[in-house]
Amino acid sequence: MSAAQRPAVYLVDASMYVFRAWHSMPDAWHDAEGWPLNAVHGYTRFLCELHEREKPTHIVVAFDEALDNCYRNEIYPQYKANRPPAPEELRRQFAVCKAVTAALGWNVASHSEFEADDLIGAAMMLARENGYRGVIVSADKDLSQLLQDDDEQFDFARNTRWTQAGVKAKHGVHAHQIADYLALCGDAVDNIPGIQGIGQKTAAHLISHFETLDALLDRVDEVAHLRLRGAHGIALKLKAQQADARLFQQLTRIATHAPLPHLTSPFARGQADAAHISELCDTLKFGPLTRRRLMAVAGISV
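Residues numbered from 1 in each chain as written. Predicted model: local features only at pLDDT ≥ 70, side-chain atom pairs only at ≥ 80, totals over all residues. Heavy atoms only, no water.

Student: Hey, could you run me through the overall build of the chain in this one?
Tutor: Of the regular secondary structure elements, the chain holds 13 helices and six strands. For 302 residues, the compact-globule estimate of 2.2 N^0.38 gives 19 Å, and the chain sits close to it at 21 Å. Its C-alpha atoms give the chain principal-axis dimensions of roughly 70 × 50 × 30 Å. For the chain, the residues scored as buried account for 52% of the 302 residues in total. Residue pairs at least 24 apart in sequence account for 69% of intrachain contacts in the chain once pairs closer than 6 positions are excluded. When the accessible surface of the chain is summed, it comes to about 14000 Å², and 50% of that surface belongs to carbon and sulfur atoms. Positive and negative side-chain charges in the chain, numbering 31 and 37 respectively, have mean positions lying 7 Å apart. (Helix = DSSP H or I, 4+ residues; strand = E, 2+ residues; numbered from the N terminus. Rg over C-alpha atoms; globule rule 2.2 N^0.38 Å. Buried < 20%, exposed > 50% of the residue type's maximum accessible area, 1.4 Å probe, protein only. Contact = heavy atoms within 4.5 Å. Areas by Shrake-Rupley, 256 points an atom, 1.4 Å probe, with all protein chains shown as cover. Lys, Arg positive; Asp, Glu negative; His and termini not counted. Charge placed at Lys NZ, Arg CZ, Asp CG, Glu CD.)

Student: Would you mind showing me how to read the sheet that holds strand β5 (residues 152–155) here?
Tutor: Within a sheet, adjacent strands bond to each other through the backbone by hydrogen bonds, running parallel or antiparallel. An order of β3-β2-β1-β4-β5-β6 is seen for the six strands of this open sheet, with the pairing classed as mixed. Strand pairing shows two members of the sheet lacking a second neighbour, β3 (107–109) and β6 (160–162), which therefore form its edges. Across the sheet, the mean angle from the axis of one strand to that of its neighbour is 20°, orientation sign disregarded. Relative to β6, β5 runs antiparallel, the two sharing three bridges. From the neighbouring strand, Q153 faces β6, where its bridge partner is W162. Against the sheet, helix α2 (residues 38–54) contacts β1 (8–13), β2 (59–62), β4 (133–137), β5 and β6, and its axis sits at roughly 160° relative to β1. (Pairing = 2+ DSSP bridges. Axes fitted to C-alpha atoms, helices over the stretch in contact; angles between N-to-C directions.)

Student: Looking at this model, I keep getting lost on the environment of G270. Mind explaining?
Tutor: Summarising the element assignment, G270 is placed in the loop between α11 (242–252) and α12 (274–283). Overall, the relative accessible area of 41% leaves G270 in the partly exposed class. As a C-alpha pair, G270 and A298 span 28 residues in sequence and 9.7 Å in three-dimensional space. Excluding anything up to four places from it in sequence, G270 contacts L104 and G105.

Student: Which parts of the structure should I look at to understand the nonpolar core?
Tutor: The nonpolar side chains of a soluble globular protein tend to be buried, and buried together. Of all hydrophobic cores here, the largest spans 61 residues; its most connected members are L184, L206, V223 and L238. Looking at this core, the elements that each hand over two or more residues are β1, β2, α5 (116–129), α7 (178–185), α8 (200–210), α9 (213–218), α10 (231–240) and α11. Sort the elements by how many residues they give to this core and α5 lands first, with seven residues. (Core = buried A, V, L, I, M, F, W, Y, C linked by side-chain atoms within 4.5 Å.)

Student: Got a minute to help me understand unusual backbone geometry in this structure?
Tutor: Among all residues except glycine, the phi angle is most often negative; among peptide bonds, the trans geometry is most common. S265 connects to P266 through a cis peptide bond whose omega is 15°. Its place among the elements puts P266 in the loop between α11 and α12. The residue K80 is not glycine, and still its phi comes out positive at about 60°. Unlike most non-glycine residues, N191 shows phi in positive territory, near 65°.

Student: I tried to follow the packing of α12 against helix α13 (residues 288–297) on my own but got confused; where do I start?
Tutor: Packed helices, taken two at a time, are described by the angle their axes make and the gap between the axes. The geometry of α12 relative to α13 is characterised by a closest axis approach of 10 Å and an angle of 160° between their N-to-C directions. Put simply, α12 runs roughly antiparallel to α13. Crossing of α12 against α13: the hand is right-handed. Of the residues in α13, those in contact with A274, I277, S278, C281 and D282 of α12 are R291, L294 and M295. In the contact of α12 with α13, the residues fall into five nonpolar, one polar and two charged. (Parallel < 35°, antiparallel > 145°, perpendicular 65-115°, else oblique. Left-handed = near helix turned anticlockwise from the far one by under 90°. Nonpolar A, V, L, I, M, F, W, Y, C, P; charged D, E, K, R; others polar.)

Keep in mind these values describe shape, not function.
Structure follows, in structure tokens:
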């Protein structure tokens, strides 16, 4: 089968869309105990729209189970420390969003030590081994490092897509170089500072020239001779911060060995649970339109 004919596995960064709904949806719905349901309502609309636009037959929806901690915090305690802890009102809704997803028969992935990015990376590797291409549903630039061949990344909110060629156009480095690039210039979203004095353009120039961060650090004496403004100073910074660069590389690389308990590639959709969907619609106070849309996603006539 040629690359152009490969079927797609949709790999959804659920946490991004739960957070987006939490911040954008009004606090207009509450459960029987008075807890808010705005993130659940917004996220459920996203699921319905994804189905209506894409009709995925193979899918993995990955959640960040430990919202404030993962294995990266063990090696760098400041990882994502710039973010306030997730409030209990949001934490509770994550569990409900998982339940809605599972009731539809869609594969759900989460792990106490690994992030959604890692689970998506592991699923991508397994799908690829089974002859599938990946469609990553997320705007997160970290995930671009996974793209190969005809894989796509899909920013659902902006309805834009790109392949590995688009990564080069966006960032000045190839998809497989994104982790090394971010280790150098940093990633403010994840509180990774990068190497002091090295911005995005310099990082892209260095990684493009040396191809990998490891090669750059092994041949750091060559940096001073590059046609690069401030090359001598950059070489000194890299020499002084080599250990930091290697640490940040561990943070920016997606852990494609992350476990996927109970999931088997190629991640075909399972049987929807009509009774559970109906129960969730009642409990979560979904209106008739959302109920009909959910039942349509599940392939159930109403």
